[in-house]
Amino acid sequence: MNKVNLNIKQRKIISDKIFKIGVTTAGAYVLIVVVLIAFQLVSESYPVWEEEGLSFITKTDWNAVEGRESFGALPYILGTLTTSAIAMMIGVPLSIGIAMFISDAPPKIGAPLGFLVELLAAVPSVIYGLWGLYVFRIYFRDWFETPLHDAFGDNIWLFSGNPYGLDILTASVILAIMIIPTVSAVSREIMKAVPQQQKEAAYMLGATKWEMFKLAIFPYSKTGLIGASILGLGRAVGETMAVTMLIGNATGLGAIPSSLFGPSQTMSSIIANEFVEASPASIHMPALIGIGLILLLIAIVINVVAHLLVTRMLKIKEGAINN
Amino acid sequence: MNDIQTRRQEYRLLFKQNVAKRLLVDKIVRIIVFSCVIIAIIPLGSILVEVFKNGITAISIEFLTETPGSIGSGEGGIGPAIQGTLIIIGLSSLIGVPIGVMSGIFLSEYGDNKLARSVRFFNDVFMEFPSIILGIFAFLIIVLVLGHFSVWAGAFALSLIMFPIVARTTEESLKMVPTTYREAGTALGLKKWIITFRIVISAAKSGMITGILLSVSRIGGETAPLIMTILGSSQFFSSMDTPMDALPLRIWRLSLLPYDSAQLQGWGAALVLIMIILGINLGVRYYFSNKKNLLFGKFIKQRSNAIK
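Residues numbered from 1 in each chain as written. Chains lettered and ligands numbered in written order. Predicted model: local features only at pLDDT ≥ 70, side-chain atom pairs only at ≥ 80, totals over all residues. Heavy atoms only, no water.

- Naming follows an unreviewed UniProt entry, where chain B appears as Phosphate transport system permease protein PstA of Nitrosarchaeum koreense MY1.
- Heading Sequence similarities (unreviewed entry) of the UniProt record for chain B holds this comment: "Belongs to the binding-protein-dependent transport system permease family. CysTW subfamily."
- In its Subcellular location (unreviewed entry) section, the UniProt entry covering chain B states "Cell membrane". (UniProt positions renumbered as here; feature names shortened; annotations may be inferred.)

- In the annotation of an unreviewed UniProt entry, the entry for chain A reads Phosphate transport system permease protein, and the organism field reads Nitrosarchaeum koreense MY1.
- Chain A has a UniProt comment under Sequence similarities (unreviewed entry) that states "Belongs to the binding-protein-dependent transport system permease family. CysTW subfamily."

Spelled out as C-alpha cells, the structure:
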C-alpha cells in the first residue's frame, strides 16, 4: 500500500521536473541567443578590428577594391545618428500630441483614432519605402524641399545641395512616421498611469485642460515620456528597408551628412546594400559585420535605458493604485 | 460708492481678460493636439489609397501565379514570392511558436525568480533588436556553415523576431487565468504539466492565438533578415538549400528597377502583401474584440502593454 503511493508521488515529481526543465530551457533560449549573437558578431568581425584597429570607428574611407581595401564606419554612424535625431525631432512632439489627445478624448473617439495610429506600425517597412520612393518623395521635393532650397540654399549650409528627394531629410521624415506608433502608444500608457487624483486636483484649482497637462501630467510622467521617446529612437536606429530605399546610398566621404538635401547612408542600410556582394574571404564582410556590432551595441544601450525608464514609471503606477 | 463700482468693473475686466487668455491658450493647444492626430493618419490613408489604386491594375490571375518575366518586360508575376512568403511564415512559426509558448509558460508559471526576471527583461529588449542583425546572425551560423543560401536560415532569422512576441503574449494571457483554476487542478491531484496544458492553456487559448497571429503579421513584412538568408529568386520553391523568393524581397527588387512596368508590379506585390498582413491584423482584432470575452477584453489591454 505504502509502496504504491510512493511510486505515484515519485513519478509525478519526475514528469513535472522534466516539464520544468523544458520550459526553463525555452525561457533561457533568449539569453543564449543574445550571448551567441554578441559572440558571433565579435568573432566574425575580428579581422577588421585587427586590420584597422579602433580607427575603424573614426575613419571615413570605404573601399572594397581588392588590394586597396580600407574601411571606416564613421560616415554611417553619423548618418544613423543624424537621421534618427531628425526623426525624433519630428516624431516625438507629434506622438506626444497624439498621446495627449487620445489619453484625454472620450473612448468612443480615442479608441478608433488610437487604433488607426497603431495600424501605422503594421504596415511593413518595405511598403513605406515603396510609398516614399514613388509618392511621398515627389510631393516632398516639389512642395517643401525646393522652396526651402530656393529661399535659403545659398546662405545656410543646412539647405544647400540639390534637392532630389533621395536624401537625409526624406528618409528622416519617413522614419519619423514609423516611430510615431511606438512612441505615442507608450506615451499614452504612461499618461494614463498618472493617478486620477492628481488630475482632479489640478481641475479643482481651476486649471484648463492644457494647464492640467502642464501641472499634473507632464511633471509626473516626465521620465516615462523620455523612456518612450528613447524607445522610438531604438526603432529609428535599427530601421532598414525604408531608409535604404530613400537615403540615396552614398559611401565613404560622400556619406558624411553635410546638408539636409544630401544623400547619406546609415549603418543598417549599408549592410542591406552590400552584405550579399561582400566576399567572406576579404575584409569587406568583417567590416560590415563590425558595423553590425556597433549597431547592436547602440541598440542594446538605447533599449535597455528605455525599458528601465518605462517599466519604472509603470511600476510607480501599480504602487499608486495599490495605495 | 462710485469709486467701488469702478473698481469692481476693473476687477471684472481683469478677471475676464485673464481667463479669456487662458481659455484661448487652451483652445490653441487643443487644435494643435488634434492636428497631430490628423497629420499622423494622413500617411496611413495615403499609403492605403496609393497601394490599392496602383496595385489593383497590376492584379490578374497570371500576375498572382506566374514566375517573373525578363527584367523590364512587365510580363510574368509574383507567384514564387507569394509561395515563398507562405513557406517562410510556416517554417518560422514551426520554430518560433513552440519556443515562444514554452518560454511564455515558464514566465507565467515559474516566473517569480531572478532567472525569469532577466528572461523577461531580455525578451523585451530583444524584441527591439534591429532585425538586420538577426539576419547577419542567421547568415553566420547557418548560411556560412552550410556554404549556400538556405530557406532554414531565413526561417530561423524570422523565428527570432517571432518568439519573444509569442512568449510575452502567452505570458500575459496565461496570467489572466485565475489561480483558482490551477488550484482546482491541484486539488484533483493532477500533475502540474497536465494542469498547464489541459486547464490553463485551454482557458487562455484565444489570447495566445492572437499573439501568434500578430507575430505572423509582423514577420510577414520583414525584409532585412531575408536579404542575407533566402536571398530572393525568380523560380518557384525547389529545395530548402537554394535561394527562395518572398513578397517583401520582391517589392524591394522591383523598386530598384528603373522601369514603369516594374514599378507597377511593385505596387501589385505591395497590395498582395498589405492584404495578407492587414487582413490578419484587422481580422484577429475584429474577431476577438467582438467576442465579448471578459478574459480577452482584459487581455487586449495587457497585450498592447507587452508588445511595446
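From this point on, the discussion continues.
### Looking at the overall build of chain A
Thinking step 1. Counting its regular elements, chain A contains 12 helices and 2 strands.
Thinking step 2. When the elements of chain A are put in sequence order from the N terminus, they spell out α-α-α-β-β-α-α-α-α-α-α-α-α-α.
Thinking step 3. At 25 Å, chain A has a C-alpha radius of gyration far larger than the 20 Å of a compact globule built from 323 residues.
Thinking step 4. Summarising its shape, the C-alpha atoms of chain A cover approximately 85 × 65 × 35 Å along the three principal directions.
Thinking step 5. In chain A, buried positions account for 55% of the 323 residues.
Thinking step 6. Intrachain contacts of chain A at a sequence separation of at least 6 include 72% that bridge at least 24 residues.
Thinking step 7. Of the roughly 14300 Å² of accessible surface on chain A, a fraction of 65% belongs to carbon and sulfur atoms. (Helix = DSSP H or I, 4+ residues; strand = E, 2+ residues; numbered from the N terminus. Rg over C-alpha atoms; globule rule 2.2 N^0.38 Å. Buried < 20%, exposed > 50% of the residue type's maximum accessible area, 1.4 Å probe, protein only. Contact = heavy atoms within 4.5 Å. Areas by Shrake-Rupley, 256 points an atom, 1.4 Å probe, with all protein chains shown as cover.)

### Section: the UniProt feature "transmembrane region" (unreviewed entry) in chain A
Thinking step 1. UniProt annotation of "transmembrane region" (unreviewed entry) refers to residues 21-42, 76-103, 115-140, 168-191, 212-233 and 287-310 of chain A when read in the numbering used here.
Thinking step 2. What you have in residues 287-310 of chain A is 100% helix and 0% strand, and the ends, taken at the C-alpha atoms, are 34 Å apart.

### Some points on the packing of aromatic side chains
Thinking step 1. Counting across every chain of the model gives 22 aromatic pairs over all chains.
Thinking step 2. Taken together, a centroid distance of 5.3 Å and an interplanar angle of 55 degrees make the contact between Phe101(A) and Phe34(B) tilted. Taken together, the residues Phe101(A) in helix α4 (residues 74-104) and Phe34(B) in helix α1 (residues 2-56) connect one chain to another.
Thinking step 3. With a centroid separation of 5.1 Å and 55 degrees between ring planes, the pair formed by Phe126(B) and Phe129(B) is classed as tilted. In this structure, Phe126(B) and Phe129(B) share a single accessibility class: buried.
Thinking step 4. Three or more aromatic residues joined by ring pairs form one cluster here, namely Tyr29(A), Phe126(B), Phe129(B) and Phe163(B). (Phe/Tyr/Trp six-rings, centres within 6.5 Å; stacked < 30°, edge-to-face > 60°.)

### A word on the UniProt feature "domain: ABC transmembrane type-1" (unreviewed entry) in chain A
Thinking step 1. The sites that carry the UniProt feature "domain: ABC transmembrane type-1" (unreviewed entry) are, in the present numbering, residues 77-306 of chain A.
Thinking step 2. Between the C-alpha atoms that bound residues 77-306 of chain A there is a distance of 20 Å. The span itself is 75% helix and 0% strand.

### As for the interface of chain A and chain B
Thinking step 1. Residue-level contacts link 81 residues of chain A with 81 residues of chain B.
Thinking step 2. For the pair chain A and chain B, the summed buried area comes to about 7500 Å², and 80% of that belongs to carbon and sulfur atoms.
Thinking step 3. Of all residues in chain A, the largest losses of buried area upon contact with chain B belong to Phe19(A), Tyr29(A) and Tyr134(A), amounting jointly to 8% of the total for that side.
Thinking step 4. In this structure, the connection of chain A to chain B is made through 3 salt bridges.
Thinking step 5. The greatest single-element share of the side of chain A that touches chain B, amounting to 21 residues, is contributed by helix α1 (residues 2-44) of chain A.
Thinking step 6. The residue inventory of the side of chain A that touches chain B, partitioned by class, reads 56 nonpolar, 16 polar and 9 charged. (Buried area = accessible area lost by both parts, 1.4 Å probe. Salt bridge = Lys/Arg side-chain N within 4 Å of Asp/Glu carboxyl O. Nonpolar A, V, L, I, M, F, W, Y, C, P; charged D, E, K, R; others polar.)

### Points about a nonpolar patch on the surface
Thinking step 1. Together, Phe152(A), Ile156(A), Trp157(A) and Leu158(A) make up an exposed nonpolar region whose accessible area comes to about 380 Å².
Thinking step 2. Along the chain, Ile156(A) turns up in the loop between α6 (125-152) and α7 (168-192). (Patch = residues over 30% accessible without salt bridge, like charges linked within 9 Å, V, L, I, M, F, W, Y side chains within 5 Å.)

### Section: helix α6 (residues 151-176) of chain B
All names here are of chain B.
Thinking step 1. Between the first and last C-alpha of α6 there are 37 Å, a value that for 26 residues agrees with the 38 Å anticipated at 1.5 Å per step.
Thinking step 2. The largest bend along α6 reaches roughly 30 degrees and is located at Leu160, with the proline Pro164 sitting one to four residues downstream.
Thinking step 3. Buried residues dominate α6, accounting for 24 of its 26 residues.
Thinking step 4. Of the residues flanking the start of α6, the one acting as N-cap is Ser150, its side-chain oxygen 3.1 Å from the backbone nitrogen of Trp152. (Expected span 1.5 Å × (residues − 1). Bend = angle between axes of the 7 residues up to and from the residue. Polar contact = N/O pair within 3.5 Å; in protein donor to acceptor, adjacent residues only side chain to side chain.)

### With respect to the pattern of salt bridges
Thinking step 1. What the rule picks out here adds up to 18 salt bridges over all chains.
Thinking step 2. Between Arg188(A) and Glu118(A) there is a salt bridge, with the nearest N and O atoms lying 3.3 Å from each other. In this pair, Arg188(A) is assigned in helix α7 and Glu118(A) in helix α5 (residues 107-122), connecting sequence segments 70 residues apart.
Thinking step 3. The class for Arg188(A) is buried, based on a relative accessible area of 11%.
Thinking step 4. Connected through shared salt-bridge partners, Arg120(B), Asp124(B), Arg168(B), Glu171(B), Glu172(B) and Lys175(B) make up one network.

### Some thoughts on the UniProt feature "domain: ABC transmembrane type-1" (unreviewed entry) in chain B
Thinking step 1. The UniProt entry lists residues 82-288 of chain B under the feature "domain: ABC transmembrane type-1" (unreviewed entry), expressed in the numbering used here.
Thinking step 2. Its end C-alpha atoms 27 Å apart, residues 82-288 of chain B is made of 79% helix and 0% strand.

### Re the environment of Ser238(B)
All names here are of chain B.
Thinking step 1. Tracing the backbone through its elements, the reader meets Ser238 in the loop between α10 (224-227) and α11 (247-256).
Thinking step 2. The exposure class of Ser238 is exposed, given its relative accessible area of 57%.
Thinking step 3. Here the side chain of Ser238 touches Thr242 through a polar contact of 3.2 Å, side chain to side chain.

### Some remarks on the side chain of Ser84(A)
Residues and elements named next belong to chain A.
Thinking step 1. Looking at the element boundaries, Ser84 is found in helix α4.
Thinking step 2. Ser84 gets classed as buried once you look at its relative accessible area, which sits at 1%.
Thinking step 3. There is a polar contact of 2.6 Å between the side chain of Ser84 and the backbone oxygen of Thr80.
Thinking step 4. For Ser84, the residues in contact, after removing those within four places along its chain, are Leu175, Leu233, Ala236 and Val237.

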